[in-house]
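Take a look at the letters that make up each chain.
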Amino acid sequence: MMETPKVFESEYRFCLILWENEPIKSTELAKLCEAELGWKKATTYTVIKRLSERNVIKSENAIITSLVSKEEVQTAEIDDMVDRTFSGSIPDFLAAFSKSRKLSQKEISEIQKLIDEYKD
């Protein structure tokens, strides 16, 4: 399986707009980025070029589409954070996460369901 390319914070905000609107003309995307992120057109085109070079998106005939899904980027980011911060330990990550945030009964049930599915 190919490794998901790294997407940085401002690029992620750009990708959220792209995922919501793709396929989209680069001129339209630049207008959306100006309206939602306050970016100048040149900034959007720089990000398009950078993400294209890293195979996160593709630009063909000025039509921009993603090559990586929102879920893939989120998963890669969490994997990276768990590796860096918790030496790859999911139990340590969950312990820290649940200490800083009160989990609802619904969230606990959803986590338990994921664990049960993983066991099978």
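Conventions adopted
Residues numbered from 1 in each chain as written. Predicted model: local features only at pLDDT ≥ 70, side-chain atom pairs only at ≥ 80, totals over all residues. Heavy atoms only, no water. Salt bridge = Lys/Arg side-chain N within 4 Å of Asp/Glu carboxyl O. Helix = DSSP H or I, 4+ residues; strand = E, 2+ residues; numbered from the N terminus. Buried < 20%, exposed > 50% of the residue type's maximum accessible area, 1.4 Å probe, protein only.

A. Fine view of the pattern of salt bridges. Counted by the stated rule, this structure contains ten salt bridges. Notably, a salt bridge pairs Lys6 with Asp80, separated by 3.9 Å at the nearest N-O pair. Of the two residues, Lys6 sits in the segment before helix 1 (9–21) while Asp80 sits in helix 4 (residues 70–86), which places them 74 residues apart along the sequence. Of the residues examined, Lys6 reaches a relative accessible area of 34% and is grouped as partly exposed. The class for Asp80 is partly exposed, based on a relative accessible area of 29%. Among the charged side chains, a network of salt bridges with common partners joins Lys6, Glu77, Asp80 and Arg84.

B. Unusual backbone geometry, seen in detail. The omega torsion of the bond from Glu22 to Pro23 falls at -10°, within 30 degrees of zero and hence cis. Considering the arrangement of structural elements, one finds Pro23 in the loop between helix 1 and strand 1 (24–25). Not every positive phi belongs to a glycine, and Ser87 is a case in point at roughly 50°. Mapped onto the elements, Ser87 comes out in the loop between helix 4 and helix 5 (90–100).

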